[in-house]
Amino acid sequence: MSVRLKLTLSYVGFLVLAGALLLAAVWIFLLRYVPEGAINNNGGFVPNRSDLQRAFGPAVAAVMAFLLVFGVLGGWLLSGRMLAPLSRITDATRTAANGSLSHRIRLEGRKDEFRELADSFDTMLERLETHVAEQQRFAANASHELRTPLAITQTLLNVARNDPDRNTNELLERLDTVNTRAIDLTEALLLLTRADQRSFTRERVDLSLAVEEATETLLPLAEKRGVTIDASSSFTPTFGSYALLLQMVTNLLHNAIVHNLPVQGTVWVNTKVGPEFVVLIVENTGEKLTEELVSTLTERFQRGTERTRTSDHAGVGLGLAIVKSITLAHDGTLTIAPRPAGGLRIAIHLPTAPGDVGQ
């Protein structure tokens, strides 16, 4: 049976039961005070209990029949009206299942359970539509980025095939550069997928150790580019994957070094621990950036300013996107703001590891 029919039968059952109880109350509590047999009223007619019972019986049957018919019709109409919002939600579900995520229910009326369900469904559709669109853009961008080194490789091979006297060492060097970029891009995509799917084992991690390791790894690059790294961190306990958190810190430091002043640049790194969150702050000198540009830096395949896009360390455009995904995968928040003097200030808040608060 449909839900509408079940509700209709429920209305009918309660209505008939209530009518029966009411008529039974009249029968029992009123007729009990009417005597049986003839009642002498100086020759006038006075109905006794039997007379009232004979008259009351057909009236009871008529009333019960009316309640039954009224309950069926009224219950069917009321249940249909009550379930109308559910039908709209069902239609929207079918539409979404067919691939159209732009449809919204937008249920009118007062704030009741159906309205809350419809609003929640609209919110889910909106987020799902945004996520699907983002994934489609990501797939298109990834295909384009992966196609570029493959196309360059094919071109180099064709040139070498058509020009046997070409310098082999130069060709190999260029192929190695292109192949390295393709490998870096592939590893970045795999890391991004791993972070998005949260497919990692969580353990207690000291974020300050990740800062020290990343600083040591990138120190030669900083010295080569004339950038000073000023790191100050203490015991910073959090919970997650050390490998992913190390990659997050490494990406932040690499981004701060590359996107810096041409000479005498500085990167500041420090960590703090609080009762609920640990904080990693990375600041750097550099060009003055607008709020509009900063708001797009965590988008995938975004490479910052024109100068850094054409540099030898432009990267694959996934550095801060990976940072954002790793942060979200660890239930943290990422805040990026331009510094008034130039450069960026990036703050990451991660939950403090349980049992380490106050140590």
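Note that the coordinates shown come from a computational prediction; the quantities given were computed from them, not determined experimentally.

Trainee: For the overall build of the protein chain, give the residues involved together with the corresponding values.
Mentor: Looking only at helices and strands, one finds 9 helices and 7 strands in the protein chain. Buried positions account for 36% of the 359 residues belonging to the protein chain. For the protein chain, the proportion of contacts with a sequence separation of at least 24, taken over those separated by at least 6, is 70%.

Trainee: With reference to specific residues and values, describe the packing of helix α4 (residues 168-197) against helix α9 (residues 319-329).
Mentor: Contact geometry of α4 with α9 gives a least axis separation of 8 Å together with a crossing angle of 25°. Judged by the angle between their axes, α4 and α9 are roughly parallel. Every pair of crossing elements has a handedness; the one defined by α4 and α9 is left-handed. Facing A188, L191, L192, A195 and D196 of α4, the residues of α9 in contact are A321, I322, S325, I326 and A329. Taken together, the residues of the contact of α4 with α9 sort by class into 8 nonpolar, 1 polar and 1 charged.

Trainee: With reference to specific residues and values, describe the pattern of salt bridges.
Mentor: Evaluation of the coordinates by the stated rule reveals 6 salt bridges. For E283, the salt bridge goes to R339, with nearest N and O atoms at 3.3 Å. Placement of E283 in strand β5 (residues 277-284) and of R339 in the loop between β6 (333-338) and β7 (344-351) is noted, with a sequence separation of 56 residues between them. Both residues of the pair, E283 and R339, count as buried. By sharing partners, the salt bridges in this structure join E283, R339 and R345 into a single network.

Trainee: Go over the sheet that holds β6 with me, naming the residues and quoting the values.
Mentor: The sheet built from 5 strands is open, its strands ordered β2-β4-β5-β7-β6 with mixed pairing. The open sheet has two free edges, formed respectively by β2 (227-232) and β6, since each of these has just one partner strand. The sheet shows a mean angle of 10° between the axes of neighbouring strands, taken without regard to direction. With 7 bridges connecting them, strand β4 (residues 265-273) and β5 associate as antiparallel partners. Opposite W268, over in β5, you have E283 as the bridge partner. On the sheet, helix α5 (residues 207-224) packs against β2, β4, β5 and β7 and is oriented at approximately 170° with respect to β2. In the packing of helix α6 (residues 242-258) onto the sheet, the strands contacted are β2, β4, β5 and β7, and the crossing angle to β5 comes to about 25°.

Trainee: Before we move on, could you go through the packing of aromatic side chains and cite the residues and values that matter?
Mentor: Summed over all chains, the structure comprises 1 aromatic pair. Ring geometry for F66 against F70: centres 5.8 Å apart, planes inclined by 15°, an arrangement best described as stacked. Of the two residues, F66 and F70 both sit in helix α2 (residues 49-97), 4 residues apart, roughly one turn of that helix.

Trainee: Which residues make up the pairing of β7, and what values do they have?
Mentor: Pairing geometry for β5 and β7, over 7 bridges, is antiparallel. When the sheet's bridge partners are listed, E283 is paired in β7 with R345. Summarising the sheet, β6 and β7 pair through 6 bridges and their orientation is antiparallel. Paired with T335 across the strands is A347, a residue of β7.

Trainee: Account for the nonpolar core, with residues named and values stated.
Mentor: Note on soluble globular proteins: their nonpolar side chains tend to be buried together. Counting residues in hydrophobic clusters, the biggest one holds 47 residues, and the most contacted among them are M248, V249, V267 and L280. Where this core is concerned, the elements lending two or more residues are α4, α5, β2, α6, β4, β5, α9 and β7. The dominant element in this core, judged by the number of residues it contributes, is α6, at 10 residues. Leaving out residues up to four positions away in the same chain, M248 has contacts with L207, L280, V323, I326, T327, I348 and L350. In terms of nonpolar packing, the next biggest core, distinct from the first, is built from 9 residues, A92, A96, L107 and L125 among them.

About the thresholds
- Residues numbered from 1 in each chain as written.
- Predicted model: local features only at pLDDT ≥ 70, side-chain atom pairs only at ≥ 80, totals over all residues.
- Heavy atoms only, no water.
- Helix = DSSP H or I, 4+ residues; strand = E, 2+ residues; numbered from the N terminus.
- Buried < 20%, exposed > 50% of the residue type's maximum accessible area, 1.4 Å probe, protein only.
- Contact = heavy atoms within 4.5 Å.
- Axes fitted to C-alpha atoms, helices over the stretch in contact; angles between N-to-C directions.
- Parallel < 35°, antiparallel > 145°, perpendicular 65-115°, else oblique.
- Left-handed = near helix turned anticlockwise from the far one by under 90°.
- Nonpolar A, V, L, I, M, F, W, Y, C, P; charged D, E, K, R; others polar.
- Salt bridge = Lys/Arg side-chain N within 4 Å of Asp/Glu carboxyl O.
- Pairing = 2+ DSSP bridges.
- Phe/Tyr/Trp six-rings, centres within 6.5 Å; stacked < 30°, edge-to-face > 60°.
- Core = buried A, V, L, I, M, F, W, Y, C linked by side-chain atoms within 4.5 Å.

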